[in-house]
Amino acid sequence: MDAVRVSLLREMLAGTEWLRATRAFAGTLTTAVRRGPGGLLLVGTAAYEPWHLAAHLDEEAAWSGLPALSPTLVRYRVPPGAPAHLAVDLGRLAAAGRGETLLVVAPGAPGAPLLERVDSARRSGATVLALGAGGDLAGLAHDALTLPPEPALSLDLVQHLVSSAAGAPPGGRRPFRDRLSRLADRLTTPPPRW
C-alpha cells in the first residue's frame, strides 16, 4: 500500500475510534523504541510471519530519521542460506531483555510456546506490544491493539496505519513540503528486499 492509499484510508477513518487507537498504539511503539537502546524485535506466529510490517517499519525508520524503528524480524523457520537480516530465529526471544521492545503480531491465538517466550521476555525487562488477537497475548503485553473477531479493518490495513503513524513526528502531521517530499521518495524508491 502506498502513501496515497494510507492517506485516503486515514481520511475515511477520521473521527473513528480506529484511527485514534492505531495512533495511540503507534505512539507507544515509538516511545518504547526511543527509550530503549536494545532495538525492536518483531515476531508473528507459526502460521503468520509479519514480513510486510517489517518492511514498512524499516521504511518508516529511514524516512523518519528514527533508526530504532527498524525491526529485527524473528522467524519460526529460517530457510537455509537466508541473508543475515532474515536469519533470526525464535532463540533470539530468549535473549530479549531490558531496553528492547518486542512487537508480536498475531491474527489468531498464538500457541503456548510463543506465549511462554513472550512472558519470559517481559519478565526479563523487554517492553511487549501486541497487535491482532486479544486474549492471553494482550494480557501479557504492556500495550495491545486488539482487532475484533470480525474486524471492520483487516490486520494488513491496521499494520499500515500503525507503521505510518509510528514514523510520524510527535504531534501528528508533517508540513506539506515534507509530506510531498516523502510521497515522491516512496514513489521513486525501489521496494525493499523482504
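One structure accompanies this document, and this report is about it. These figures come from a predicted structure and were not determined experimentally.

A few words now on the environment of Ala109. In this structure, Ala109 sits in the loop between strand E4 (100-106) and helix H5 (112-123). When its relative accessible area of 74% is taken as the criterion, Ala109 is described as exposed. Measuring from C-alpha to C-alpha, the distance between Ala109 and Thr45 comes to 8.6 Å, with 64 residues separating the pair along the chain.

What follows covers the side chain of Arg75. Mapped onto the fold, Arg75 is located in strand E2 (residues 71-75). We classify Arg75 as buried; its relative accessible area is 12%. Engagement of the side chain of Arg75 in a polar contact is seen with the side chain of Glu49, the distance being 3.0 Å. At 2.9 Å, the side chain of Arg75 forms a polar contact with the backbone oxygen of Leu86.

Turning next to helix H7 (residues 155-166). With 12 residues, H7 should reach 16 Å at 1.5 Å per residue; the first-to-last C-alpha distance of 16 Å fits that figure. Burial analysis of H7 places 10 of its 12 residues in the buried class, the great majority of the element. For H7, the complete set of buried residues consists of Leu155, Val158, Gln159, His160, Leu161, Val162, Ser163, Ser164, Ala165 and Ala166.

Below, the discussion takes up the sheet that holds strand E6 (residues 143-146). Taking strand neighbours across the sheet as the criterion, the 6 strands line up as E3-E2-E1-E4-E5-E6 in an open arrangement whose pairing is parallel. Single-partner strands in this sheet number two, and they are strand E3 (88-89) and E6. Pairing geometry for E2 and E3, over 2 bridges, is parallel. Bridge assignment links Arg75 to a residue of E3, and that residue is Asp89. Of the strands in this sheet, strand E1 (39-43), E2, E4 and strand E5 (127-132) touch helix H3 (residues 51-64), which is tilted by about 170 degrees from E2. Along the sheet, H7 contacts E4, E5 and E6; its crossing angle with E5, the most-contacted strand, is approximately 135 degrees.

Another aspect to go through is the packing of H3 against H7. In a pair of packed helices, the angle between the axes and the distance between the axes together describe the arrangement. The N-to-C vectors of H3 and H7 enclose an angle of 20 degrees; their axes lie 9 Å apart at closest approach. Relative to H7, the element H3 is oriented roughly parallel. At the point where H3 passes H7, the crossing takes the right-handed sense. On H7, the residues that touch His52, Leu53, His56, Leu57 and Glu60 of H3 are Gln159, His160, Ser163, Ser164 and Ala166. Among the residues making up the contact of H3 with H7, the classes are represented as 3 nonpolar, 6 polar and 1 charged.

Thresholds applied
Residues numbered from 1 in each chain as written. Predicted model: local features only at pLDDT ≥ 70, side-chain atom pairs only at ≥ 80, totals over all residues. Heavy atoms only, no water. Helix = DSSP H or I, 4+ residues; strand = E, 2+ residues; numbered from the N terminus. Buried < 20%, exposed > 50% of the residue type's maximum accessible area, 1.4 Å probe, protein only. Polar contact = N/O pair within 3.5 Å; in protein donor to acceptor, adjacent residues only side chain to side chain. Expected span 1.5 Å × (residues − 1). Pairing = 2+ DSSP bridges. Contact = heavy atoms within 4.5 Å. Axes fitted to C-alpha atoms, helices over the stretch in contact; angles between N-to-C directions. Parallel < 35°, antiparallel > 145°, perpendicular 65-115°, else oblique. Left-handed = near helix turned anticlockwise from the far one by under 90°. Nonpolar A, V, L, I, M, F, W, Y, C, P; charged D, E, K, R; others polar.

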